[in-house]
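# Structural overview for review
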Amino acid sequence: MSVEAVYPKVRHIISDVLMVDEEEVSIESRLIGDLGAESIDFLDLVFQLEREFKIKIPRGQLEKDARGSLSDDEFEKGGVVTDQGLSALKQYFSETADEHFKANLKVNEIPTLFTVQTFCKLVTKQQQAGDVEQGTNSEAVA
Amino acid sequence: MTFLFVDALTQTAIDKPIVGVKRITEGEPFLIENAAGERVFMPALVGEAIGQLGAWAVMASTDFCKRPVAGVVANVAMLADVYPGQVLQLETHIDGVDNEAVEYHGRAMVEGQTIFTVDGAIGPMLRMTTFIDKVEVMTQYQALINGSRPLSRCPSDMGAYTNLVPSFDKLLSFQKDLVVAELLVDEHAPYLNDHFPNKPVLPLTLLLNAKLDLAMNYLNEFVAHNVFKPAMLRKIKMSQFVVPNDCLTTTLKVKSQTADEIVFVFKSEVESKRVCVCEMVFRR
């Protein structure tokens, strides 16, 4: 499914998890800065998305995808994202406005970049990963 | 006093159902009166027992370096009361666990009949020593495995424990469309010593019990010939710890109402910061 196709359901789940009116949630909304999400909400959100879309979202998947092929040392030093790491984040979280990618961004501040679209992308990616795995398993069985 | 609601563990491997028991004795400190005036084990604490059962197994799997704390619960069904003399057979299933969180579901049975279920529970995993010293918790665990844990007993000075069960002692608004109430966490409350020794915090389940009471007060006030009973708790989320001397402000609103069911939504804050939300379903 595409981002556009999953957006309505993701939006509904986010509004339910964060207890905000759906009208307040747009695809560009940042979960922490705009919608007031807290760390427990992310656990709740991932659980709800997994159940709704029948996917598995491994812990830290977003950071792992954003990091791409960068090693730990290339991505961050002393808990602060490097310039190289920041470029990787900007590329991955292309839906997030530039102003939020501040210099000396801490690794534990990466969730401040997450938007509703981020989770739509995550859902579609995990759906595709699940489809590929099912296809591989079917071939193996055949 | 202790805030432990598992008396013995009989199966602790986390890839199988975790099994244990809790005996409800006449000396159980947390006996309350139900709507019919009968003395029963506080229903919310049956959920606490199920959670603690899973927690023991998960803590053991981390060599007692980490412990889960209350986080999110999708659904709790309260099917029957539990009376002194009965034995709770507890069963918890770990659906997933890693360094950050545990997911589980479980149930409690009395004489083979399910009386309480917990579904879709998630608990963040935090460093053990923030809450309790490793040696102390390991000693408690050994007692559960050996079956040598002493049964719950009311302390001889129980009469002094007027602050045992927290309640919303101040009503700021009590209208049909909105109830606003305050609960002050008494720093001398006896349950705080064990929950937890290094970081005393209000147990989520005692807060839920206070909310159940508030909802019953609402029903007795605004529903003629009230016969509604608590059936389900859902969408429970604890966002922050509530510590001694915190003043917790809670709003209660009716989310929906039919002839046979009424659903309340609760939101609790400390200094305008969300700490706990839940819904409660009452049925005839």
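Remember, it's a predicted structure, so these values are computed and weren't measured experimentally.

Turning our attention to the overall build of chain A. Regarding its fold elements, chain A presents 6 helices and 2 strands. Relative to a compact globule of 142 residues, whose C-alpha radius of gyration would be 14 Å, chain A shows 16 Å and is just as compact. Principal-axis analysis of the C-alpha atoms gives chain A an extent of 50 × 40 × 25 Å. Expressed as a percentage of its 142 residues, the buried residues of chain A come to 45%. Of the contacts made within chain A by residues no fewer than 6 positions apart, 60% connect residues no fewer than 24 positions apart. For chain A, the accessible area works out to roughly 7700 Å², and carbon and sulfur atoms hold 48% of it. Once the 15 positive and 27 negative side-chain charges of chain A are each reduced to a mean point, those two points are 3 Å apart.

When helices and strands are counted, chain B shows 3 helices and 15 strands. Compactness check: chain B gives a C-alpha radius of gyration of 18 Å against a globular reference of 19 Å for 284 residues, within 12% of the reference. Taken along the three principal axes of its C-alpha coordinates, chain B extends 50 × 40 × 40 Å. The burial tally for chain B puts 53% of its 284 residues in the buried class. Counting only contacts in chain B whose residues sit at least 6 apart along the sequence, the fraction spanning at least 24 positions is 68%. Accessible surface computed for chain B: about 12300 Å², of which carbon and sulfur atoms make up 50%.

The interface of chain B with chain A comprises 17 residues on the first partner and 13 residues on the second. For the interface between chain B and chain A, the tally reads 5 salt bridges. Two residues, Asp 44 of chain A and Lys 237 of chain B, come together in a salt bridge whose shortest N-O distance is 2.9 Å. Across the contact surface, chain B and chain A share 7 residue pairs in polar contact (both at pLDDT 80 or more). Those elements that provide at least two residues to the side of chain B that touches chain A are strand S6 (72-78), strand S8 (101-110), strand S9 (113-127), strand S12 (229-238) and strand S15 (273-283) of chain B. Among the residues forming the side of chain B that touches chain A, the class breakdown is 7 nonpolar, 4 polar and 6 charged.

All names here are of chain A. Enumeration over the complete set of coordinates arrives at 18 aromatic pairs over all chains. Aromatic pair Phe 93 and Phe 114: ring centres 5.6 Å apart, planes at 40°, arrangement tilted. With Phe 93 in the loop between helix H5 (83-92) and helix H6 (116-141) and Phe 114 in the loop between H5 and H6, this residue pair connects regions lying 21 residues apart in the sequence. Accessibility assignment for this pair places Phe 93 and Phe 114 in one class, buried. The ring of Tyr 92 carries the charged tip of Lys 121 above its face, separated from the ring centre by 4.9 Å.

Turning our eyes to something else, we now look at unusual backbone geometry. The step from His 195 of chain B to Phe 196 of chain B runs through a cis peptide bond, and the omega angle for that step is 10°. Of note, Met 19 of chain A is a non-glycine position whose phi angle comes to about 55°, a positive value. Locating Met 19 of chain A in the fold gives a position in the loop between helix H1 (3-18) and helix H2 (39-53).

Phe 41, Leu 88 and Phe 282 of chain B are the most contacted members of the largest nonpolar core, which totals 83 residues. Grouped together as the second largest cluster of nonpolar side chains are 40 residues, Val 6, Ile 14, Ile 57 and Leu 62 of chain A included.

Looking now at the confidence of the model for chain A. Averaged over all residues, the pLDDT of chain A is 90; the fraction at 70 or higher stands at 92%. H1 of chain A holds the highest mean pLDDT among the elements of chain A, 96, whereas H6 of chain A holds the lowest, 79.

With that settled, the discussion passes to the pairing of S12 of chain B. All names here are of chain B. Both S6 and S12 contribute to a ladder of 5 bridges, which runs antiparallel. Pairing of Val 72 across the sheet is with Lys 237, part of S12. Strand direction decides the pairing type here: S12 and S15, joined by 7 bridges, are antiparallel. Residue Met 238 lies in a different strand from S15, and its bridge partner there is Cys 276.

Here we come to helix H3 (residues 204-222) of chain B. Note: α-helices contain 3.6 residues per turn, so residues at a spacing of three or four share the same orientation. Here H3 of chain B spans 27 Å end to end across 19 residues, near enough to the 27 Å set by a 1.5 Å rise per residue. Across the 19 residues that make up H3 of chain B, a large majority, 14, are buried.

On to the confidence of the model for chain B. A residue-level look at chain B finds 95% of positions with pLDDT of 70 or above and a mean pLDDT of 93. For this predicted complex, the interface confidence score (ipTM) comes to 0.85, while the overall pTM stands at 0.91.

Before going further, it helps to spend a moment on the pairing of strand S11 (residues 178-184) of chain B. Residues and elements named next belong to chain B. With respect to burial, S11 is a largely interior element, 5 of its 7 residues being buried. Direction of pairing for S11 relative to strand S13 (residues 247-257): antiparallel, over a ladder of 6 bridges. Note that in S13 the partner of Val 179 across the bridge is Leu 252.

Turning to the packing of helix H1 (residues 43-61) of chain B against helix H2 (residues 134-146) of chain B, a few remarks are in order. Residues and elements named next belong to chain B. For the pair H1 and H2, the least separation of the axes is 11 Å and the interaxial angle reads 120°. Judged by the inter-axis angle, H1 sits oblique to H2. Once H1 is placed against H2, the crossing between them reads as left-handed. Two secondary-structure elements touch here, H1 through Trp 56, Met 59 and Ala 60 and H2 through Val 137, Gln 140, Tyr 141 and Leu 144.

Cut-offs and rules
As a convention, each chain's residues are numbered from 1 in the sequence order in which they are written. A letter from A marks each chain and a number from 1 marks each ligand, given out in the order of writing. Reporting in this predicted model follows two pLDDT cut-offs: at least 70 for local features of residues, and 80 or more for side-chain atom pairs to be given and counted; totals over whole chains, interfaces and linings ignore these cut-offs and use all residues. With hydrogens and water stripped out, all remaining heavy atoms of the structure feed into the side-chain values. Strands here mean DSSP runs of E at least two residues long; helices mean DSSP runs of H or I at least four residues long; both are numbered from the N terminus. Computation of the radius of gyration draws on C-alpha atoms alone. For the globule rule, the value is 2.2 Å times the number of residues to the power 0.38. Working definition: with a 1.4 Å probe on protein chains only, accessible area under 20% of the residue-type maximum means buried, over 50% means exposed, and in between means partly exposed. By definition in these notes, contact holds between two residues if any of their heavy atoms fall within 4.5 Å. To be clear on the numbers: accessible area is Shrake-Rupley with a 1.4 Å probe, and residue cover counts the displayed protein chains and nothing else. In this tally, Asp and Glu contribute negative charge and Lys and Arg positive charge; neither His nor the terminal groups of the chain are included. Charge coordinates come from a single atom per side chain, which is NZ of Lys, CZ of Arg, CG of Asp or CD of Glu. We define a salt bridge as a contact between a side-chain nitrogen of Lys or Arg and a carboxyl oxygen of Asp or Glu at a distance within 4 Å. Throughout this description, a polar contact denotes any pair of N or O atoms lying within 3.5 Å of each other; where both atoms belong to protein, one of them has to be capable of donating a hydrogen while the other can accept it, and for residues adjacent in sequence the pair is counted only when both atoms sit in side chains. Throughout, the ten residues Ala, Val, Leu, Ile, Met, Phe, Trp, Tyr, Cys and Pro are labelled nonpolar, Asp, Glu, Lys and Arg are labelled charged, and all others, Gly among them, are labelled polar. Two rings belonging to Phe, Tyr or Trp (six-membered ring only in the last case) form a pair when the distance between their centres is within 6.5 Å. Interplanar angles under 30 degrees mark stacking, angles over 60 mark edge-to-face geometry, and anything in between is tilted. For a ring to carry a charge above it, either NZ of a lysine or CZ of an arginine must fall within 6 Å of the ring centroid while also lying within 35 degrees of the normal to the ring plane. In this text, buried Ala, Val, Leu, Ile, Met, Phe, Trp, Tyr and Cys residues form a nonpolar core when linked through side-chain atoms within 4.5 Å. Looking at any residue, its pLDDT shows the predictor's confidence there, from 0 to 100. Paired strands are those between which DSSP finds at least two bridges. Multiply 1.5 Å by the residue count of a helix minus one, and that product is the helix's expected span. Throughout, an axis means a line fitted to C-alpha atoms (over the contacting stretch in the case of helices), and angles, computed between N-to-C directions, take values from 0 to 180 degrees. We call two directions roughly parallel when the angle between them is under 35 degrees, roughly antiparallel when it is over 145, roughly perpendicular when it lies between 65 and 115, and oblique otherwise. Handedness of a crossing is defined here by the sense of rotation of the near helix relative to the far one, left-handed for an anticlockwise turn of less than a right angle and right-handed for a clockwise turn.

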